[in-house]
Amino acid sequence: IDSEETALNQYIEPCQKLNIIPSIEIKESILRIDILENLFNRFQNNKKVAISGISGIGKTFLAKHFTEHYQGKFSNMVWLNCANGFPKAFSQEKGIGLLGSLGLAQEYSSYVGNEKGLMNLVIGHLAKFEGNNLLILDNLDQSISSHKDEITFLSKNWNILGTSQQYLQGFE
């Protein structure tokens, strides 16, 4: 079995990062691996997992560490900062980088002022990606519940990891 497993692991393609994924210096991290394993295992039963808690406890750090540690387990990875709202995340820095990766950069100008339209365009393209994908939605708040349909649609092909200071309904 070990030789079969080794042979299989040799052919795993590296994770395609569709926009800039924040990184950390792993050597400086003192985070216990069992916390990351617990988080990864939660995706076995739920496609939407949240890291929640008060400001400053390390939710984003944990998400960054998770992406570094498990990037080989995912086909594609996207990171969006949702501090100004979920739709707005698609028209800000990381969202614009994602547009370029998806071949939609020229479409951006026709969606200026139409954040929801741009969000739906990107979600439609992301939904076409097959494989074990990871979407990190950093700094979510309760307003994500008004985008339940979009999140449900995305979670068919994407594991969604959210960070929030609030409890996120529908996320484990």
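Note that the structure is predicted; figures quoted are calculated from it, not measured.

When you look at the overall build of the protein chain in this model, what are you seeing that I'm missing?
Tallying secondary structure elements over the protein chain gives seven helices and five strands in all. Each helix (α) and strand (β) of the protein chain, taken in turn from the N terminus, gives the series α-β-α-β-α-β-α-α-α-β-α-β. Taken over 172 residues, the protein chain has a buried fraction of 42%. Across the protein chain, the fraction of contacts at a sequence separation of at least 24, relative to all contacts at a separation of at least 6, is 78%.

Before we go on, may I ask you to explain the sheet that holds strand 2 (residues 48-52) in this structure?
For sheets, the rule is that strands pair by backbone hydrogen bonds, running either parallel or antiparallel. Strand order in the open sheet formed by five strands is 1-3-4-5-2, with parallel pairing between adjacent strands. The open sheet has two free edges, formed respectively by strand 1 (16-17) and strand 2, since each of these has just one partner strand. As judged from the five bridges shared by strand 3 (residues 76-81) and strand 4 (residues 133-140), these two strands associate in the parallel manner. Opposite Met77, over in strand 4, you have Leu134 as the bridge partner.

What am I meant to see in the environment of Phe171 here?
Checked against the element boundaries, Phe171 lands in the segment after strand 5 (158-164). Classification of Phe171 by relative accessible area gives buried; the value is 8%. Sequence separation between Phe171 and Asn46 is 125 residues, and the spatial gap between their C-alpha atoms is 7.8 Å. With residues up to four places along the chain from it excluded, the contact list for Phe171 reads Asn46, Lys48, Val49, Ala50, Leu140, Ile151, Ile160 and Gly162.

I keep staring at the pairing of strand 4 and nothing clicks. Help me out?
Working note: regular strand, side chains alternate between the two faces of the sheet. The buried count for strand 4 comes to seven of eight residues, which makes it a mostly enclosed element. As a crossover connection, the stretch from strand 4 through helix 7 (residues 148-154) into strand 5 is right-handed.

Criteria and cut-off values
- Residues numbered from 1 in each chain as written.
- Predicted model: local features only at pLDDT ≥ 70, side-chain atom pairs only at ≥ 80, totals over all residues.
- Heavy atoms only, no water.
- Helix = DSSP H or I, 4+ residues; strand = E, 2+ residues; numbered from the N terminus.
- Buried < 20%, exposed > 50% of the residue type's maximum accessible area, 1.4 Å probe, protein only.
- Contact = heavy atoms within 4.5 Å.
- Pairing = 2+ DSSP bridges.
- Right-handed = clockwise from strand over helix to strand, strands pointing away.

As far as function goes, none of this settles anything; it's purely spatial.
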